[in-house]
Amino acid sequence: MSTDIDSSTETRPGAGHGAPDPGAFDPDAIVVTGIGAVLPTGRGPEALWTAWREGRSALVPYQDPYVRTKKITHFGHVPADLQQASRDSVPHKLRKFGTAFTFNAVLAAEDAMRAAGEGWQAIPEERRGLYVAQDDSTELSVAAFHKALDQARTDTSPGMGADLTRVVAEAFGNAATFNPFTVIRALNNNTLALVSIAQRFRGDCAAFVQDAGAALGALQRAAFSLRHGDCDTALVVGAGSFNEPLKLAAQHRAGNLTAGGRGAASLRSFDAERDGTVLAEGAVALVLERAGDAAARGARALVTVLGATLRPTVDSGVGPAALAESARGLLAAHGVTPESLGAVLADGKGTVHHDAAETELLRVLLKDSGVPVSSVRPVTGTLGAAGPLAELALAPSLFATGELPPIAHLETPPDGGTDFVTGAPRKRRIDSVLSLHSSFNGFAGALLAERPHLV
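Residues numbered from 1 in each chain as written. Predicted model: local features only at pLDDT ≥ 70, side-chain atom pairs only at ≥ 80, totals over all residues. Heavy atoms only, no water.

Enquirer: Just to check I follow, could you spell out the pattern of salt bridges for this structure?
Expert: Two side chains of opposite charge can pair, provided their charged atoms sit close to one another. Going through the model one piece at a time under the given rule, you end up with 26 salt bridges. One salt bridge in this structure joins glutamate 403 and arginine 53, with 2.5 Å as the shortest N-O distance. Pair noted here: glutamate 403 is in strand β12 (residues 403–404) and arginine 53 is in helix α1 (residues 45–53), with a separation of 350 residues, a long-range link. The partner of arginine 274 in a salt bridge is aspartate 355, with the nearest N and O atoms 3.9 Å apart. With arginine 274 in the loop between α9 (245–253) and β8 (281–290) and aspartate 355 in helix α12 (residues 352–366), this residue pair connects regions lying 81 residues apart in the sequence. By relative accessible area, which is 0% here, aspartate 355 ends up buried. Here the salt bridges do not stand alone but share partners, grouping Arg262, Arg268, Asp271, Glu273 and Glu411 into one network. (Salt bridge = Lys/Arg side-chain N within 4 Å of Asp/Glu carboxyl O. Helix = DSSP H or I, 4+ residues; strand = E, 2+ residues; numbered from the N terminus. Buried < 20%, exposed > 50% of the residue type's maximum accessible area, 1.4 Å probe, protein only.)

Enquirer: Where do I start with helix α2 (residues 80–88) in this structure?
Expert: Residues spaced three or four apart along an α-helix point in a common direction, a consequence of the helix completing one turn every 3.6 residues. Within α2, burial applies to Leu82, Gln83 and Ser86. Buried residues of α2, viewed axially, fall in a sector of 105°; they line one side. Exposed residues pointing more than 90 degrees away from the buried face of α2 are listed as Ala80 and Asp81. Taken together, the buried residues of α2 touch β1 (30–39), β2 (42–43), α3 (100–115) and β8. (Arc of directions from axis to C-beta. Contact = heavy atoms within 4.5 Å.)

Enquirer: I would appreciate a short explanation of the packing of helix α11 (residues 320–333) against α12 in the present structure.
Expert: How two helices pack is summed up by the angle between their axes together with the distance between the axes. Here α11 crosses α12 at 50°, and the two axes come no closer than 8 Å. The orientation of α11 with respect to α12, classified from their angle, is oblique. By crossing handedness, the relation of α11 to α12 is classed as right-handed. Two secondary-structure elements touch here, α11 through Pro320, Ala321, Leu323, Ala324, Ala327, Arg328 and Leu331 and α12 through Ala357, Glu360, Leu361, Val364 and Leu365. Broken down by class, the residue content of the contact of α11 with α12 amounts to ten nonpolar, no polar and two charged. (Axes fitted to C-alpha atoms, helices over the stretch in contact; angles between N-to-C directions. Parallel < 35°, antiparallel > 145°, perpendicular 65-115°, else oblique. Left-handed = near helix turned anticlockwise from the far one by under 90°. Nonpolar A, V, L, I, M, F, W, Y, C, P; charged D, E, K, R; others polar.)

Enquirer: What should I look at first to understand the packing of helix α8 (residues 211–227) against helix α14 (residues 387–401) in this one?
Expert: For the pair α8 and α14, interaxial distance at closest approach is 7 Å and the crossing angle is 60°. One finds that α8 runs oblique with respect to α14. Residues Ala212, Ala215, Leu216 and Leu219 of α8 form the contact with α14, whose participating residues are Pro388, Leu389 and Leu392. Here the residues of the contact of α8 with α14 sort into seven nonpolar, no polar and no charged.

Enquirer: Help me understand α1, please; the structure alone is not making it clear to me.
Expert: Restricting attention to buried positions, one finds in α1 the residues Pro45, Leu48, Trp49, Ala51 and Trp52. End-on, the buried residues of α1 take up no more than an arc of 165°, which puts them together on one face. Buried positions along α1 lie against β1, β10 (343–345), β11 (372–374), α13 (377–380), α14 and β12.

Enquirer: For this particular structure, what's the right way to read empty space enclosed by the protein?
Expert: Empty space among the atoms becomes apparent when a probe as large as a water molecule is rolled across them. Using the criterion set out here, one finds five cavities of 30 Å³ or more in the structure. Taken as a whole, the second largest cavity spans an internal volume of roughly 70 Å³. In terms of lining residues, the second largest cavity is bounded by Asp211, Ala212, Asp347, Lys349, Arg377, Thr382, Leu383, Gly384, Gly387, Pro388, His437 and Ser438. Listing elements by their share of the lining of the second largest cavity, those giving two or more residues are α8, α14 and β15 (432–438). Broken down by class, the residue content of the lining of the second largest cavity amounts to three nonpolar, five polar and four charged. (1 Å grid on protein atoms, 1.4 Å probe; cavity = no way out; pocket = protein on both sides within 12 Å on 5 of 7 lines; lining within 4 Å. Points joined across faces, edges and corners; volume = space filled by probe spheres on them.)

Enquirer: What is the right way to look at the environment of serine 86 in this model?
Expert: Looking at the element boundaries, serine 86 is found in helix α2. Along the sequence, serine 86 and valine 38 sit 48 residues apart, while their C-alpha atoms lie 8.3 Å from each other. Not counting residues up to four positions away in its chain, the partners in contact with serine 86 are Val38, Phe103, Asn104 and Leu107. Engagement of the side chain of serine 86 in a polar contact is seen with the side chain of asparagine 104, the distance being 2.9 Å. (Polar contact = N/O pair within 3.5 Å; in protein donor to acceptor, adjacent residues only side chain to side chain.)

Enquirer: Can you help me understand the side chain of threonine 382 in this one?
Expert: Residue placement: threonine 382 occurs in the loop between α13 and α14. Here threonine 382 falls in the buried class, since its relative accessible area comes to 2%. Separated by 2.7 Å, the side chains of threonine 382 and threonine 277 make a polar contact. Not counting residues up to four positions away in its chain, the partners in contact with threonine 382 are Phe242, Thr277, Val278, Leu279, Ala280, Lys349, Arg377 and Phe440.

Enquirer: For this particular structure, what's the right way to read the nonpolar core?
Expert: As a rule of thumb, nonpolar side chains are buried together in soluble globular proteins. If you look at the biggest cluster of nonpolar residues, it comprises 55 residues, and the most contacted ones within it are Trp52, Leu286 and Leu288. Among all residues touching leucine 288, those that are not within four sequence positions of it are Ile30, Val31, Val32, Leu219, Ala222, Leu226, Thr233, Ala234 and Val236. One finds Val78, Phe101, Phe103 and Ala239 within the second-largest nonpolar core, a separate group that totals 30 residues. (Core = buried A, V, L, I, M, F, W, Y, C linked by side-chain atoms within 4.5 Å.)

Enquirer: Teacher, can you tell me more about the side chain of glutamine 251 here?
Expert: As for its position among the elements, glutamine 251 is in helix α9. Once you skip the residues sitting within four places of it in the chain, glutamine 251 turns out to touch Asn256, Leu257, Leu279 and Phe440.

Enquirer: Any chance you could explain the pairing of β8 here in plain terms?
Expert: Remember that side chains alternate between the two faces of the sheet whenever the strand is regular. In terms of burial, β8 is a largely internal element, ten of the ten residues being buried. The side-chain alternation of β8 yields two buried faces, one formed by Glu281, Ala283, Ala285, Val287 and Glu289 and the other by Gly282, Val284, Leu286, Leu288 and Arg290. The sheet contact formed by β1 and β8 spans eight bridges and is antiparallel. Across the sheet, the residue bridging to isoleucine 35 is leucine 286, located in β8. Looking at chain direction, strand β7 (residues 233–241) and β8 are connected through eight bridges and run antiparallel. Considered in β8, the bridge of glycine 240 is made with glycine 282. (Pairing = 2+ DSSP bridges.)

What follows is the structure, given as structure tokens:
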């Protein structure tokens with residue numbers, strides 16, 4: 001992954017040389033025409049919007065049949081019936097290649113393609129680009145060994161039983177009884193492989209790994225490929241899950257997780273009583289096209305994606321002030337000022353460290369601009385690779401309603417001059433959205449989107 005990927009300099013004509021004409025239709029602009037989501041809030045962007053607007057947290061007590069812990073109190077689980085629907089969306093013969101969260105990705109992709117309209121299906125499979133962001137999830141885990149051992153204990157068929165060699169082979173594969181499907185499920189491009197086969201994508205493709213930064217990279221690559229004619233449509237998918245024993249243990253040891261003292265309201269972004277984040281799982285898929293192509297086939301543009309930045313963070317010697325300048329550069333390249341922004345969606349992980357750094361970034365970036373700041377994180381939990389795409393999925397509702405929902409559970413915001421939205425939704429015209437993201441692996445980024453122009 002590049003340490004500094006800023007797409008803002010390769011955007012539409014005039015970028016970086018003053019504000020573009022807000023009334024002009026740019027056929028080369030990159031627009032979203034289809035959205036699919038499989039998240040703790042349910043299926044589809046409407047479920048996410050409704051939960052956010054109502055301040056209804058989707059975080060539930062952590063439970064997993066193969067992990068026992070008192071340290072992980074809550075989690076953003078995708079509901080069981082939706083998990084089953086995701087599994088059912090994958091052809092039976094392909095299920096052996098996938099994992100639970102890649103099944104979510106397949107269903108989200110199917111929904112996004114359907115939402116993009118029937119005309120989308122006429123695009124040749126060789127001209128469909130696929131760009132996937134995946135968390136560093138893996139099937140090669142303690143849980144995988146536990147499942148295999150459990151299977152050996154309960155399977156009464158001949159040759160099974162507590163045969164340790166077979167158990168290890170089933171869980172991890174080994175030289176004697178190699179299990180290729182286990183290895184495929186462990187690949188960092190597993191989501192790309194399964195979606196490309198299940199949804200028939202044979203064109204340009206790329207896979208990015210690790211957290212929110214992977215999604216920003218996938219969006220940038222999709223925009224690059226569309227602009228350079230490498231594909232005629234691009235499906236961007238972000239999927240993953242933090243529900244893996246070793247990852248959960250690492251985050252707990254790092255002090256990143258809440259003690260859960262307030263139940264579902266324990267993820268308290270920016271609040272004085274915040275004590276850590278709640279991890280989650282899910283998938284979001286977006287269909288991207290050139291605006292001219294979308295208009296030609298009668299598709300409705302939902303969001304215009306302007307650009308994204310991704311930089312190393314404080315741990316790599318880059319502090320909040322430098323990150324704020326990076327975001328400010330992204331805004332300037334597209335003729336947007338902090339004062340003219342419609343809304344800022346902050347990351348708001350809820351950890352003491354991450355929120356303190358983001359609060360400083362917001363103070364430097366926004367100063368006295370008066371732009372309101374909210375966050376969806378207390379509703380969904382920390383999503384990883386699906387996070388930035390989930391916020392793009394919310395943009396159409398922000399544009400349509402002119403409402404910016406509050407940050408759920410925020411009672412005592414920091415005193416730094418930033419206008420954090422609390423209490424009731426904030427009414428205002430929203431034509432542009434800047435979303436901010438930080439990752440656990442030392443990167444931070446920003447994504448800028450705007451209301452699409454009418455044709």
